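Remarks on the overall topology
The primary structure of each chain is shown beneath.
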Amino acid sequence: MKPPTIQLCSDHGGDGPTVMDLPIPDDLKREWLALASRRQFLSRAGKSLAWASIAGLFAKGGNSAQAAEMQAALLPHFAPKAKRAIYLFMAGAPSQIETWDYKPDLAKHFDQDLPESVRGGQQLTGMTASQTRFPVAPSFYKFQQHGNAGHWVSELFPHLANVSDDFAVVRSMHTDAINHEPAILLANSGNMNPGKPSIGSWISYGLGSMNDDLPTFVVLTSKLATTANIQALSSRLWSSGFLSPDHAGVALRSGGNPVIHLSNPKGVPASMRRAMIDGVGEMNRELFQKIGDPETNARIAQYEMAFRMQTSVPELTDLSNEPQSIWDMYGPKAKEPGTYAYNCLMARRLAERGVRFTQIFHRGWDNHTNLPANIKTLSEDIDQPTAALMADLKQRGLLDDTLVVWGGEFGRTVYSQGGLTKDNYGRDHHPRCFSMWMAGGGVKPGVTYGETDDFSYNIVKDPMHIRDLNATILNLLGVDHDRLTFKFQGLDQKLTGVEPAKVVKELLA
């Protein structure tokens, strides 16, 4: 007797055609079903047994806080020095020569060609490759030592100078990319190609949430301080890549609803939204029991988080209870939503509420021309708020377990791009060396790590690749970068990639 025709279709939620829709014999469809079911069973069985033993420790089970405790049974790998991190990303690449890498002898080389022995045949961008000369441009701005640590700080940062004893300055950062898009991807995801998870997503995946009502990873993009040389930002910089979408960064907007579609539609009360989410959640749980797709559970978690955020986000963004002393600390722009100052204050509030990873993007640092004027505007925009964030975290007892990182995707050339005068010049991209700083969360304060040559062109001591920075950030959060992996495309993927990366222990307290 001929077996009955299989009546199966992929029309179960818009996921597209499956083998059931192909014009092939039913026997082959049955064989595929048997194999698929076997694969699902085998892939789930090992994980289920492991998690069952852990779940036994939490008999009450059920809510996301207990789920986070279950995850914590596996991670962190060792005692963390930081519970959370705030990454201040200066998109466009700040010049190290005007900020943190003081080169007093450059003045005597003004308008002299950079020696070929220093340049060493370095790859040039298309913007300076046709130049017949590479004239040395000393910094227009003065430097002075500050604090007990004696960091050399540019006059562009009078407020940061006052908190510089809390910093560890790295002068020997380097990267692989000479153009913005691959470099900013490498800095944020460990890979120059799009599609990989961002650092915040890896941290969310590895460590989970500390707060049931707010996302684990929050992104704040700042209003422009200048309209010159603006680099575009895209969500690929805070994407979860091949990880579950609930690990992606949630971007808070400065206007309207802080999160798109967070508010209930007109005429839909909270009770009705709650009932809708409960109904959809029940259907998704039934679907998970049938097919075992982890994305189904991710959807359930996202719906629940969105519902809770309807209460938590308005509370987060209501700054009416902040005292005048805080407004004075962060500066006059702090009351304007979306400014860098406002975002720094938000970062402190997010840290207080247990958000694991906050990233603030500040654009405009790509100063190919008119650098002295542009970098002054940019520095004035970030100096006081950044120093205020540091001091505010410290006075609340949060700096000890909050890691703060400041920097961009690469550095700038010592030679001028285009024309050169004593008070006007530009600088091209320079991946060979640049400066960043780290503070709090287990960082050794007052340290200066690495050294560049007299032209801030080549590293002469203690190079630190962007992969080493990411490995060190993970280490401070209690994570071994070699052990935080996710199987994808046949490879145990990790934030630091397949090339060697090291934790820079000299930066650890």
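Refer to the structure presented above.
Summary of the structure given here. Nothing here was measured: the structure is a model prediction, and the numbers come from that model. (Residues numbered from 1 in each chain as written. Predicted model: local features only at pLDDT ≥ 70, side-chain atom pairs only at ≥ 80, totals over all residues. Heavy atoms only, no water.)

Focus: the overall build of the protein chain
From N to C terminus, the protein chain includes twelve helices and 17 strands. Taking all 509 residues of the protein chain together, the buried fraction comes to 50%. Counted over contacts in the protein chain with a minimum sequence separation of 6, partners at least 24 positions apart contribute 76%. For the protein chain, the computed accessible surface area is about 23200 Å², with 54% contributed by carbon and sulfur atoms. (Helix = DSSP H or I, 4+ residues; strand = E, 2+ residues; numbered from the N terminus. Buried < 20%, exposed > 50% of the residue type's maximum accessible area, 1.4 Å probe, protein only. Contact = heavy atoms within 4.5 Å. Areas by Shrake-Rupley, 256 points an atom, 1.4 Å probe, with all protein chains shown as cover.)

Some points on the pattern of salt bridges
Applying the stated criterion across every chain, the model contains 25 salt bridges. Between Asp101 and Lys103 there is a salt bridge; the shortest N-O distance is 3.7 Å. Put simply, Lys394 and Asp166 hold a salt bridge, and the shortest N to O gap is 3.0 Å. Residue Lys394 is located in helix H11 (residues 371-395), and its partner Asp166 is located in the loop between helix H4 (158-162) and strand S4 (167-174); the two are separated by 228 residues in the primary sequence. Each member of the salt-bridge network shares a partner with another, and the members are Glu322, Arg348, Arg349, Glu352, Arg353, Asp392 and Arg396. (Salt bridge = Lys/Arg side-chain N within 4 Å of Asp/Glu carboxyl O.)

Quick word on the environment of Val479
If you trace the backbone, Val479 turns up in the loop between helix H12 (466-476) and strand S16 (486-488). Judged by its relative accessible area of 2%, Val479 falls in the buried class. Along the primary structure Val479 and Pro80 are separated by 399 residues, whereas in three dimensions their C-alpha atoms are 7.6 Å apart. In this view, Val479 contacts His77, Phe78, Leu207, Leu474 and Leu484; residues no more than four positions away in its chain are not counted.

Structural notes on unusual backbone geometry
We note that Ser456 has phi near 50°; this positive angle belongs to a residue other than glycine. Structurally, Ser456 is set in the loop between strand S13 (451-452) and strand S14 (459-461). Ser456 sits in the buried class, given a relative accessible area of 0%. One non-glycine residue, Asp462, lies in positive phi territory at about 55°. Within the secondary structure, Asp462 sits in the loop between S14 and strand S15 (464-465).

Examining the packing of helix H10 (residues 340-352) against H11
In contact at an axis separation of 8 Å, H10 and H11 are set at 15° when each is read in the N-to-C sense. The angle between H10 and H11 places the two elements in the roughly parallel class. By crossing handedness, the relation of H10 to H11 is classed as right-handed. The residues of H11 that touch H10, namely those facing Tyr340, Ala341, Cys344, Leu345, Ala347, Arg348 and Ala351, are Asp381, Ile382, Pro385, Thr386, Leu389, Asp392 and Leu393. Per-class residue counts for the contact of H10 with H11 are ten nonpolar, one polar and three charged. (Axes fitted to C-alpha atoms, helices over the stretch in contact; angles between N-to-C directions. Parallel < 35°, antiparallel > 145°, perpendicular 65-115°, else oblique. Left-handed = near helix turned anticlockwise from the far one by under 90°. Nonpolar A, V, L, I, M, F, W, Y, C, P; charged D, E, K, R; others polar.)

Here we look at the packing of aromatic side chains
Applying the stated rule across the entire model yields 21 aromatic pairs. Grouping aromatic residues by their ring pairs yields a cluster made of Trp100, Phe157, Phe167, Trp365, Trp406 and Trp437. Above the ring of Phe134, the side-chain terminus of Arg119 is found at 4.5 Å from the ring centroid. Its end group placed over the ring of Phe110, Lys422 keeps NZ or CZ at 4.1 Å from the ring centre. (Phe/Tyr/Trp six-rings, centres within 6.5 Å; stacked < 30°, edge-to-face > 60°. Lys NZ or Arg CZ within 6 Å of the ring centre and 35° of its normal.)

A look at the pairing of strand S2 (residues 143-146)
Relative to strand S3 (residues 151-154), S2 is paired through four bridges, and the arrangement is antiparallel. Within S3, the residue paired with Phe143 across the bridge is Ser154. Remark: four residues form the turn of the hairpin made by S2 and S3, two consecutive strands paired antiparallel; Gly147 in that turn has positive phi of roughly 70°. (Pairing = 2+ DSSP bridges.)

Digging into H10
Counted at 1.5 Å a residue, the expected span for H10 with its 13 residues is 18 Å, and the 18 Å between its end C-alpha atoms agrees. Counting buried positions over the 13 residues of H10 gives twelve, a clear majority of the element. Residues of H10 that are buried: Tyr340, Ala341, Tyr342, Asn343, Cys344, Leu345, Met346, Ala347, Arg348, Arg349, Leu350 and Ala351. With its phi angle positive at about 85°, Gly354 sits one or two positions after the end of H10. (Expected span 1.5 Å × (residues − 1).)

Some points on the nonpolar core
Ranked by internal contacts, the top residues of the largest apolar core, which has 53 residues, are Leu88, Trp100, Leu160, Phe167 and Trp437. Here Leu88 is in contact with Tyr340, Ile360, Thr386, Leu389, Val404, Val405, Trp406 and Gly407, once residues within four sequence places are set aside. If you look at the next biggest cluster of nonpolar residues, it comprises 52 residues, including Ile203, Leu207, Val405 and Leu484. (Core = buried A, V, L, I, M, F, W, Y, C linked by side-chain atoms within 4.5 Å.)

Things to note about helix H5 (residues 180-189)
Of all the ten residues making up H5, eight are buried; the element is thus mostly covered by neighbouring parts of the structure. Within H5, the full set of buried residues consists of His180, Ala183, Ile184, Leu185, Leu186, Ala187, Asn188 and Ser189. Just past H5, the residue Gly190 takes up positive phi, approximately 80°.

Thoughts on the side chain of Asn211
Take Asn211: it is sitting in the loop between helix H6 (199-207) and strand S5 (217-221). Of the polar contacts made by the side chain of Asn211, one reaches the backbone nitrogen of Leu214; its length is 3.2 Å. (Polar contact = N/O pair within 3.5 Å; in protein donor to acceptor, adjacent residues only side chain to side chain.)

Honestly, it's all geometry; don't read function into it.
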